[in-house]
Each structure stands twice: as structure tokens, then as C-alpha cells.
Amino acid sequence: MRTLKPREKKLIGRREIIDFPELGLVGITAKIDTGAYTTALHCHDIELREIKGVSTLCFKLLDPSHPEYNEREQQFTAFSEKDIKNSFGDLEKRFIIKTRIKIAGRIIKSIISLSDRGNMRYPVLIGRKLLKNRFIVDVSQVFLTEQIKK
């Protein structure tokens, strides 16, 4: 009988280039934040609509000032809402979706909160729930996975 080895943890820096393949986002700079629990993605025009009798979450990724912005509206019928503490410690209600993230050559199905991060430096924040048992973060480094790609 063959035993499975635990997956090796990959080393990443405090900022990395990531992709959201199911959302059509490629080459987005993310801040790796071991202090944050969840992963957050910058969105705008977030609203609930009734489409063909189904409650549908509609939003646009990033914002017009971002180079990867494309105005394409995303629609999800599978979503939830959750109270999440923002960077100031205040509770806010956020919509939550499940999608895949590609980071350091791994594709991970993850829970993402949608947030207006327009005032933040990075449109994506990767929290420790996604990092746990997968990655080790070297805060003195940035873009370690870019070096792997080359």
C-alpha cells in the first residue's frame, strides 16, 4: 500500500503575482497578509438582482483606474454573506464567493470576500485561511513565484 506524503509548503513573498482563472484575471499583484483571516478581492458595483427568478450577485472586478479592468460583469448564483472585520477592526457585511486562485503554480479552490479596496494599494489580499498548510511567507521577499516562472 502506497502512503501519501504531505504536500510540501512553498515559499512565497509578502507580495505575489496571482491569477483568478475562472474570473478571467491574470497577473494581479496580491498582498500576502498573515494577519488577515480571509482573502479579499477588490470589486465595485456590487449588487443583488433577481435574474430569471434567481437571486444573483452581480459585480465588476477591480475598478476603471486599474490596468486589468475590463468592465465585464461577473454573475454568481452561489454566494453567501458574512460579517468580516475590516482593516480598521469594524464589522462589515460582505458577499462571499468560491472560485479558484492560482498562486505559486498551485490552483486552489478558495472562499473570497468581495470588498471595495479602491483606497488600498493592492486589489487582492491573501489571508491565512488560504495560506495555512500550503505556504511559508518570507516577509523580506517579494514576487518569489515570478522567479519560479522564469
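Residues numbered from 1 in each chain as written. Predicted model: local features only at pLDDT ≥ 70, side-chain atom pairs only at ≥ 80, totals over all residues. Heavy atoms only, no water.

Caption draft 1: Representation of the pattern of salt bridges in the model. The full count for this structure, using the stated rule, is seven salt bridges. D45 is the salt-bridge partner of K60, the closest N and O atoms lying 3.8 Å from each other. With K60 in strand β5 (residues 54-61) and D45 in strand β4 (residues 39-51), the pair connects residues that are 15 residues apart, well separated along the chain. In this structure K60 comes out as buried when scored by relative accessible area, which is 16%. As a salt-bridge pair, R49 and E47 come within 2.7 Å of each other at their nearest N and O atoms. (Salt bridge = Lys/Arg side-chain N within 4 Å of Asp/Glu carboxyl O. Helix = DSSP H or I, 4+ residues; strand = E, 2+ residues; numbered from the N terminus. Buried < 20%, exposed > 50% of the residue type's maximum accessible area, 1.4 Å probe, protein only.)

Caption draft 2: Representation of a positive patch on the surface within the structure. A contiguous patch of positive charge, built from K82, K98, K109 and K129, is present on the exposed surface. Within the secondary structure, K82 sits in strand β7 (residues 80-85). (Patch = residues over 30% accessible without salt bridge, like charges linked within 9 Å, V, L, I, M, F, W, Y side chains within 5 Å. Areas by Shrake-Rupley, 256 points an atom, 1.4 Å probe, with all protein chains shown as cover. Lys, Arg positive; Asp, Glu negative; His and termini not counted. Charge placed at Lys NZ, Arg CZ, Asp CG, Glu CD.)

Caption draft 3: Geometry of unusual backbone geometry. Residues other than glycine seldom take positive phi values, yet N133 does so here, at roughly 65°. Along the polypeptide, N133 turns up in the loop between α1 (128-131) and β11 (135-138). Looking at N133, the relative accessible area reads 54%, which means it is exposed.

Caption draft 4: Seen up close, the side chain of R94. Relative to the helices and strands, R94 resides in strand β8 (residues 91-103). A polar contact of 3.0 Å, which involves the side chain of R94, links it to the side chain of S113. (Polar contact = N/O pair within 3.5 Å; in protein donor to acceptor, adjacent residues only side chain to side chain.)

Caption draft 5: View of the pairing of β7. Of the strand pairs in this sheet, β7 and β8 are connected by six bridges, and their pairing is antiparallel. Across the sheet, K82 pairs through a bridge with R94, a residue of β8. (Pairing = 2+ DSSP bridges.)

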